[in-house]
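Coordinate analysis (summary)
Here are the chains, one letter per residue:
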Amino acid sequence: MDDASDDELVALVASGNQAACALLVERHLTRMLSLARRMLGNQADAEEVAQEVFLRVWTHAARWEPGRAQFRTWLHRVATNLCLDRLRRHGTEDIDSIPEPPSEDPGPDEQLEQSDLARRVEAALQALPPRQRAAVTLTHYQGFTNIEAAETLGISVEAVESLLGRARRQLRIALATEKADYLRKMSI
């Protein structure tokens, strides 16, 4: 079953095959968690979204139409929509309350620098409007092409490019401002 395509596994899931569903979860869980964590800013909400994504795989597998879209694209669309819904309902969490992910780099100075950079980038990413954040997350962190991101978000490629352009400008400004503030503090 390990060699089966996603479409074949979804067909097996539609017939109630739990092992096929477990294999789909194994294949795609890391990416779903990564997408949701970047979109929502915390691990607990990301885990809830990922769980909901795979619950939908289980409950909607019988409706899956192979060839209509890539399964991976559909999964990302479901996850993105769940994240956007959650952001609309609950707003965003204060970025200062989100714990820093542990760094695997050996040197403490380097760890501090990377942690600070990651915090600044994460804060700038979380400050973006949700649809811009989704476009950046899909293309940069998930490795989607603009075409795949457009399909996932249900918008045109031009709209994705526009979202990315605006997001990159805002990120550049936010990170430049943060860097200037940081340097000013360090010189005092």
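The structure this text deals with has already been given above.
Presented here is a report on the structure given in the accompanying data block. Because the structure is predicted, anything quoted here is derived from the model rather than measured.

1. Description of the overall build of the chain
In terms of regular secondary structure, the chain is built from eight helices and zero strands. Helices (α) and strands (β) of the chain occur, in sequence order from the N terminus, as α-α-α-α-α-α-α-α. Within the chain, the fraction of its 188 residues that count as buried is 36%. Long-range contacts, defined here as pairs at least 24 residues apart, represent 62% of the contacts in the chain between residues at least 6 apart. Carbon together with sulfur atoms contributes 53% to the accessible area of the chain, which is approximately 11,000 Å² in total.

2. Re the packing of helix H4 (residues 71-90) against helix H7 (residues 146-153)
Viewed as axis vectors pointing N to C, H4 and H7 meet at an angle of 55 degrees, and their least axial separation amounts to 8 Å. The angle between the axes of H4 and H7 places the two elements in the oblique class. H4 and H7 meet at a crossing whose hand is right-handed. Here H4 contributes Arg 72, Thr 73, His 76, Arg 77 and Thr 80 to the contact with H7, which in turn contributes Glu 148, Glu 151, Thr 152 and Leu 153. Looking at the contact of H4 with H7 residue by residue, the class counts come to one nonpolar, four polar and four charged.

3. Here's the deal with the side chain of Glu 148
Looking at where Glu 148 falls in the secondary structure, it is placed in helix H7. Here Glu 148 falls in the buried class, since its relative accessible area comes to 16%. Sequence-distant contacts of Glu 148, defined by excluding residues within four places in its chain, comprise Gln 70, Arg 72, Thr 73 and Gly 143.

4. As for the packing of aromatic side chains
The full count for this structure, using the stated rule, is three aromatic pairs. An aromatic cluster of at least three residues, connected via ring pairs, comprises Trp 64, Phe 71 and Trp 74. The positively charged end of Arg 38 is found above the aromatic ring belonging to Tyr 141, 3.8 Å away from the centroid.

5. Side note on a positive patch on the surface
Residues Arg 166, Arg 168, Arg 169 and Arg 172 make up a contiguous surface patch of positive charge. Checked against the element boundaries, Arg 166 lands in helix H8 (residues 157-187).

6. What to know about the pattern of salt bridges
Side chains that differ in charge, positive against negative, can pair when their charged atoms come close. A complete count under the given rule lists seven salt bridges for this structure. Between Asp 6 and Arg 27 there is a salt bridge, with the nearest N and O atoms lying 2.7 Å from each other. One end of the pair, Asp 6, is in helix H1 (residues 6-14); the other, Arg 27, is in helix H2 (residues 18-40), with 21 residues separating them in the sequence. Given a relative accessible area of 18%, Asp 6 falls into the buried group. The partly exposed category is assigned to Arg 27, whose relative accessible area is 30%. Of the charged contacts in the structure, one is a salt bridge between Arg 72 and Glu 148, with a shortest N-O distance of 2.7 Å. Placement of the pair is Arg 72 in helix H4 and Glu 148 in helix H7, with a sequence separation of 76 residues. Because the salt bridges share partners, they merge into one network encompassing Asp 45, Glu 48 and Arg 86.

7. What to know about the side chain of Thr 73
Turning to its location among the elements, Thr 73 is positioned in helix H4. Setting aside residues no more than four positions away along its own chain, Thr 73 makes contact with Glu 148, Glu 151 and Thr 152.

8. Structural notes on the nonpolar core
Residues Met 39 and Val 53 are the most contacted members of the largest nonpolar core, which totals 45 residues. No other element matches H2, which puts nine residues into this core. Sequence-distant contacts of Val 53, defined by excluding residues within four places in its chain, comprise Met 32, Leu 75, Val 78, Ala 79 and Leu 82.

Conventions we followed
Residues numbered from 1 in each chain as written. Predicted model: local features only at pLDDT ≥ 70, side-chain atom pairs only at ≥ 80, totals over all residues. Heavy atoms only, no water. Helix = DSSP H or I, 4+ residues; strand = E, 2+ residues; numbered from the N terminus. Buried < 20%, exposed > 50% of the residue type's maximum accessible area, 1.4 Å probe, protein only. Contact = heavy atoms within 4.5 Å. Areas by Shrake-Rupley, 256 points an atom, 1.4 Å probe, with all protein chains shown as cover. Axes fitted to C-alpha atoms, helices over the stretch in contact; angles between N-to-C directions. Parallel < 35°, antiparallel > 145°, perpendicular 65-115°, else oblique. Left-handed = near helix turned anticlockwise from the far one by under 90°. Nonpolar A, V, L, I, M, F, W, Y, C, P; charged D, E, K, R; others polar. Phe/Tyr/Trp six-rings, centres within 6.5 Å; stacked < 30°, edge-to-face > 60°. Lys NZ or Arg CZ within 6 Å of the ring centre and 35° of its normal. Patch = residues over 30% accessible without salt bridge, like charges linked within 9 Å, V, L, I, M, F, W, Y side chains within 5 Å. Salt bridge = Lys/Arg side-chain N within 4 Å of Asp/Glu carboxyl O. Lys, Arg positive; Asp, Glu negative; His and termini not counted. Charge placed at Lys NZ, Arg CZ, Asp CG, Glu CD. Core = buried A, V, L, I, M, F, W, Y, C linked by side-chain atoms within 4.5 Å.

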